[in-house]
Amino acid sequence: MKITKYIIPVAGMGTRFLPATKAIPKEMLPVVDKPLIQYVVDEAAAAGAEEIILVTHPDKHPLKAHFSKNEKLEEALEKSGKDALLQKVYSILPAGVTVTTVEQMEPLGLGHAVLCAREIVGDEPFGVILPDVLIYDDKQGCMEQMVQEFEQQGESIIGVEEVPLEDVDKYGIVSLANSENVGSKNRKQRMSGVVEKPAPESAPSRLSVVGRYILTPRVMEILENTKIGAGGEIQLTDAIATLIGEEPVFAYTFKGESYDCGCKYGYLRANIEYGLRDLEVSEQLQRLINLHAN
Ligand code: G1P
């Protein structure tokens, strides 16, 4: 079965990036010259997305505006012959993709955000992408890799990667049905559990959830009855833990490099490394880095 609908939760306040995010949604912060949201929409489009569902908040209107047509801007670019820039503006919304918005009025957590999209998603498997995390791979995006795996058996699959033990309390942490398979050549492993932000001493592993999910619609029913969990929020992690008791759920160690842009260091690292891949600025940036290395 094809995955055509992707939920991207964007209602959060982005307090970790204040004051930058007082009036600008954190998902609109740029990495080089593209806002974070556009990277993940492109990743979903490359995986076959037809409908992107932004779970948003009325205060975050710039996100909606980013994906809407701006005739004045297009006319101005056309008149001044700035074709390359015009193409950049045209390609904000990938061909064949529509963006729908649904509002999450209260900050009740990621699980609640996903549930807000239930009606639009309907009774089919769907993807979830968290725009805080960028994943770079020069061959195939993370979501596209996961879709390929999903298409084999049609079972839920969650992107994971190993993190240092001191960082496990920042993420959902999974346990594998066969714990000896951590780091195995087989990237797809059946999960036996997942917990949200455990303390290092009680973490079941160092395998963290990176913010890429393909889930069967049963998880929406589970979310309806999921109680408030870690951090006083309705956690998607808790609903997935329940799903694991009912259906096979897989962890997938993706190919590529992740950047946690939800924290300052990860965001700056993304700007430097994406900058080094950008033809326009890579040389200058490399020179600057060399200067500071000496
Ligand atoms: C969320 C999820 C967590 C996941 C993380 C990835 O947490 O709840 O399971 O590991 O995203 O970035 P948040 O970063 O929103 O606190």
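Preceding this section is the structure that the text describes.
Calculation rules
Residues numbered from 1 in each chain as written. Predicted model: local features only at pLDDT ≥ 70, side-chain atom pairs only at ≥ 80, totals over all residues. Heavy atoms only, no water. Near = heavy atom within 4 Å. Polar contact = N/O pair within 3.5 Å; in protein donor to acceptor, adjacent residues only side chain to side chain. Areas by Shrake-Rupley, 256 points an atom, 1.4 Å probe, with all protein chains shown as cover. Axes fitted to C-alpha atoms, helices over the stretch in contact; angles between N-to-C directions. Helix = DSSP H or I, 4+ residues; strand = E, 2+ residues; numbered from the N terminus. Parallel < 35°, antiparallel > 145°, perpendicular 65-115°, else oblique. Left-handed = near helix turned anticlockwise from the far one by under 90°. Contact = heavy atoms within 4.5 Å. Nonpolar A, V, L, I, M, F, W, Y, C, P; charged D, E, K, R; others polar. Salt bridge = Lys/Arg side-chain N within 4 Å of Asp/Glu carboxyl O. Buried < 20%, exposed > 50% of the residue type's maximum accessible area, 1.4 Å probe, protein only.

Caption draft 1: Focus on the site of the ligand. Looking at the ligand, the residues that line it are L110, L130, V133, Y171, G172, E196, K197, V209, V210, Q235 and T237. E196 places a polar side-chain atom, nitrogen or oxygen, 2.7 Å from an oxygen atom of the ligand. Within the contact set of the ligand, an oxygen atom lies 2.6 Å away from a backbone nitrogen or oxygen of V209. Protein chains shield 82% of the accessible area of the ligand, which is 380 Å² for the free molecule.

Caption draft 2: Layout of the packing of helix α3 (residues 71–79) against helix α4 (residues 83–90). Contact geometry for α3 and α4: axes closest at 8 Å, N-to-C directions at 155°. Between α3 and α4, the interaxial angle falls into the category roughly antiparallel. Along this stretch, α3 crosses α4, giving a crossing that reads as left-handed. Residues L73, E74, L77 and E78 of α3 form the contact with α4, whose participating residues are L85, L86, V89 and Y90. Along the lines of polarity and charge, the residues of the contact of α3 with α4 split into six nonpolar, no polar and two charged.

Caption draft 3: Layout of the pattern of salt bridges. Using the criterion set out here, one finds 18 salt bridges in the structure. Measuring nitrogen to oxygen at the nearest pair gives 2.6 Å for the salt bridge that ties E221 to R218. Of this pair, E221 and R218 both sit in helix α8 (residues 218–224), three residues apart, which is roughly one turn of that helix. Given the relative accessible area of 37%, E221 is considered partly exposed. Connected through salt bridges with shared partners, the residues E257, R269, E273 and R277 form a single ionic network.

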